[in-house]
Structures are given as C-alpha cells and as structure tokens.
Amino acid sequence: MRKVWTLYHKEMLEALRSYKLIWVPVVFMILGIMQPLTTYYMPEILKASGNVPPGMLEGYEMPGAAVVMAQTLGQYGTIGMLILVLGVMNSLAGERSGGTIEMLMVKPVAPAAIVSAKWAAQLTTLIVALGLGVAGAAYYTEQLMGPLSWGRLCAGAGLYGLWLLCAVSLTLLFSAWLRGPAAAFLGLGSAAAMSLAHSLLPSQLGWTPAALTAQSAAIITEGRGGTWGPACSAGVLIVVCLAAASLLIRRNKLPD
Amino acid sequence: MDEIKWGLIWPLLVLQAVLAIIGLISLAKAERTRGPKWLWVIILIFGNLLGSVAYFTIGRKES
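Everything numeric in this text was worked out from a predicted model, so none of it was measured.

Participant: Can you break down the side chain of A:K20 residue by residue, with the values?
Facilitator: The residue A:K20 is located in helix 2 (residues 20–40) in this model. Summary of buried charges: A:K20 has no salt-bridge partner, and the nearest side chain of opposite charge, A:E11, is 7.4 Å away.

Written as structure tokens, this is what we have:
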C-alpha cells in the first residue's frame, strides 16, 4: 500500500509538471459553462449569423435547467472522453517504449501497484475535472435557466463519471499492450461499440456500463434512478481491466 | 434577454486566456514539439479552445 502511495505521488507530480492537472479541468470548465451560455443565447447567435428564416425564432423554447445539465454531461461524454483517453493512452505505453518500465520493475514493486497507482492518478484528474466542470455548469444554469436539484445532479454526475472511468480503464488496459495511439483508438472504439450496442438493444443490454449515460440523464431530468446493474457491471469491468493490465505488464517484464 | 450578461461571459474569456497562457508557458519550456514552435504559438493564441487542446494532446513530444 505504501508503494502504491509513493507511485501515486510520483504520478501526480508528473501530472502537475506536464500541466495536465490544470489544463484538463480548465477545458472541462469551459465546456461546462459554454453549454448553458450557448443554449441561452442561441436566438441571438442565430440572429447574428444571419439567414434565419422568419418565424423560426418564435418557436424556440428555452430548455429547462435539468435538460441543459444533461446536455452538458453529454458534452463530457464526447469531447471530455476524447481528452481523458488521449491523456491516459501513453501512461503505460510511454513507460514501455521509453524503457522506464524496466527500471521500475527491477525494484520490488508489484505490477498491480504500478497499474493501480496510474489508474488512481487518472481517477484524480477525472474527479477534479468533472467536479469543477459540473459545478461551473450548474452555477451558470442556475443563473440563466432556473434552480436545479443538487442531489440529483450529484448522483447523475457520479454515474456519468463512472462511465468515463470505464473508458479510461479500458484505455489503460490497451496501453499495457499496444502503443499509445492504438490504445486510445481501441479504448474509444470499445466505449463507442458498447454505447452503440446499448442503443440498438436497450432492453437486453440495460445492465451494461453503457446504460450509465442514459441513467444519468434520467436521474437529472426526472429523478428516477433505475437499477444498480449498470454501476455494478462498470465496477466489474474496471477491476477486470486493472487486473488484466497488471498481468500484461508482468508478462512483458519476463520475456522467456 | 434584453442585454448581454457580461458578468457571466468574462469568466469564460478568462478561462480561455488561462488555457492559452499555460500552453505558451509549456511551449516555452518544451525542448521538442511536433511541428515548428512558431506555428504552435499562433495556434495557441488564435486557436481558442480547440487550438489549446490540440497543443496539449498532440503538440508535445515526450523526451
């Protein structure tokens, strides 16, 4: 446990020095406050861009506060996920291609310790970024659209964060096996495949982690949670990813 | 929606500026980048959010 803590400390130091711990949360905050702002000023933006057919703006109805928050989380599901995955793709692949993993492995450190320290560092970045982003978005939404239920919002953001963590963990696993860009491609690809499968067969695959995004939107807008299935399967998926990544690192260390 | 609420817009501009400035600091310290440095300076200053994200994700080379 002490070793994991030391490695985690090193990872966090690296995230600070590469400014990752600053720029990822700042981007999440920008994305978060842009969504309510652009929704609020949409008629003005359309007017300024010209060529608006007459009568179109009369039909524009301001969406409710909860809907805007659900849309904001949707932004994190696309651009946010891309940023997080690109940030994690080199975490193990970079150590392998740079040769530092051997230096790390000659010390008496378990592969599981390395993998879990890396994962914990990514989780910290995710929590800081999502927390600040959602807080900014919620403040703007309350100012522009109306009051929000903070309890529902926290539950929804937590579920969405769990889905993002699934994509991050998958990329970490691929990063233990392939080069960075390939790991990012496969990580995003498998997350996209899961959500596609879920949108094609929503009733059969309602227990998969991909259902977390819909569940999160339902909690924020309607307040009904649904089952624990998606959260449990996401937890299992994350643990399997970490275990498999540790096994791959151990096997790569001893090529016999 | 009578007037534009500048009180809500300036934080967005500040965040964009912070992002570009962090990018420029990181660029000044970086030994190697993918592509010429002067190009990244232009992208960071004029590229808004996407420019900064592009620099942080693909612009830097690990030594």
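Participant: Let's hear about the UniProt feature "transmembrane region" (unreviewed entry) in chain A: which residues, and what values?
Facilitator: Residue and element names in this part refer to chain A. Feature annotation in UniProt places "transmembrane region" (unreviewed entry) on residues 21–42, 62–88, 109–140, 160–178, 185–207 and 227–249, given in this structure's numbering. Helix makes up 70% of residues 185–207 and strand 0%, and the two end C-alpha atoms of the span are 25 Å apart. The span residues 227–249 carries 91% helix and 0% strand; its end-to-end C-alpha distance comes to 35 Å.

Participant: Account for the environment of A:E14, with residues named and values stated.
Facilitator: Here A:E14 shows up in helix 1 (residues 2–17). Put simply, A:E14 and A:A121 are 107 residues apart on the chain and 9.7 Å apart in space, counted from C-alpha to C-alpha.

Participant: Account for the interface of chain A and chain B, naming residues and giving values.
Facilitator: With 23 residues of chain A at the contact, the number on the chain B side is 21 residues. Roughly 2100 Å² of surface becomes buried between chain A and chain B when both sides are summed, with 79% attributable to carbon and sulfur atoms. For the chain A face of the interface with chain B, the top three residues by lost area are A:Y19, A:W23 and A:I30, together amounting to 30%. Run the count over chain A and chain B and you get 0 salt bridges. Looking at the side of chain A that touches chain B, the elements with two or more residues in it are helix 2, helix 3 (42–49), helix 4 (65–88) and helix 7 (111–144) of chain A. With 11 residues, the top contributor of residues to the side of chain A that touches chain B is helix 2 of chain A.

Participant: Report on the UniProt feature "domain: Cardiolipin synthase N-terminal" (unreviewed entry) in chain B, specifying residues and quantitative values.
Facilitator: With numbering matched to this structure, UniProt assigns "domain: Cardiolipin synthase N-terminal" (unreviewed entry) to residues 18–60 of chain B. For the annotated span residues 18–60 of chain B, helix accounts for 79% and strand for 0% of the residues, and the straight-line distance between the end C-alpha atoms is 18 Å.

Participant: Pulling in residues and values, what's your account of the UniProt feature "transmembrane region" (unreviewed entry) in chain B?
Facilitator: All names here are of chain B. Within this numbering scheme, the UniProt entry marks residues 6–27 and 39–58 as carrying the feature "transmembrane region" (unreviewed entry). Here residues 6–27 runs as 100% helix and 0% strand, with 31 Å between its end C-alpha atoms. Summarising residues 39–58: 95% helix, 0% strand, and an end-to-end C-alpha distance of 13 Å.

Participant: Can you lay out the pattern of salt bridges for me, pointing to particular residues and giving the numbers?
Facilitator: Residues and elements named next belong to chain A. Within this structure, the stated rule accounts for 2 salt bridges over all chains. Of the charged contacts, one joins E11 and K118 as a salt bridge, the two residues approaching to 2.9 Å between their closest N and O atoms. With E11 in helix 1 and K118 in helix 7, the pair connects residues that are 107 residues apart, well separated along the chain. Each member of the pair, E11 as well as K118, carries the same accessibility label: buried. One salt-bridge network, held together by shared partners, links K10, E11 and K118.

Participant: Give a description of helix 5 (residues 90–98) of chain A that names residues and reports values.
Facilitator: Listing the buried residues of helix 5 of chain A in full gives A:S91, A:L92, A:A93 and A:E95. A:G99 sits one or two positions beyond helix 5 of chain A and adopts a positive phi of about 85°.

Participant: How would you sum up the packing of helix 2 of chain A against helix 3 (residues 48–59) of chain B? Please name residues and give values.
Facilitator: Their axes nearest at 11 Å, the elements helix 2 of chain A and helix 3 of chain B cross at an angle of 155°. In this view, helix 2 of chain A runs roughly antiparallel relative to helix 3 of chain B, as classed from their interaxial angle. For the pair helix 2 of chain A and helix 3 of chain B, the sense of crossing is left-handed. Between helix 2 of chain A and helix 3 of chain B, the residues in contact are A:W23, A:V27, A:I30, A:L31 and A:M34 and B:L49, B:V53, B:F56 and B:T57, respectively.

Participant: Give me the side chain of A:T141: which residues, what numbers.
Facilitator: All names here are of chain A. For T141, the position within the fold is in helix 7. Its relative accessible area of 0% is what places T141 among the buried residues. Among residues more than four places away in sequence, those in contact with T141 are P36, A65, V68, M69, G146 and L148.

Procedures and definitions
- Residues numbered from 1 in each chain as written.
- Chains lettered and ligands numbered in written order.
- Predicted model: local features only at pLDDT ≥ 70, side-chain atom pairs only at ≥ 80, totals over all residues.
- Heavy atoms only, no water.
- Helix = DSSP H or I, 4+ residues; strand = E, 2+ residues; numbered from the N terminus.
- Buried < 20%, exposed > 50% of the residue type's maximum accessible area, 1.4 Å probe, protein only.
- Lys, Arg positive; Asp, Glu negative; His and termini not counted.
- Salt bridge = Lys/Arg side-chain N within 4 Å of Asp/Glu carboxyl O.
- UniProt positions renumbered as here; feature names shortened; annotations may be inferred.
- Contact = heavy atoms within 4.5 Å.
- Buried area = accessible area lost by both parts, 1.4 Å probe.
- Axes fitted to C-alpha atoms, helices over the stretch in contact; angles between N-to-C directions.
- Parallel < 35°, antiparallel > 145°, perpendicular 65-115°, else oblique.
- Left-handed = near helix turned anticlockwise from the far one by under 90°.

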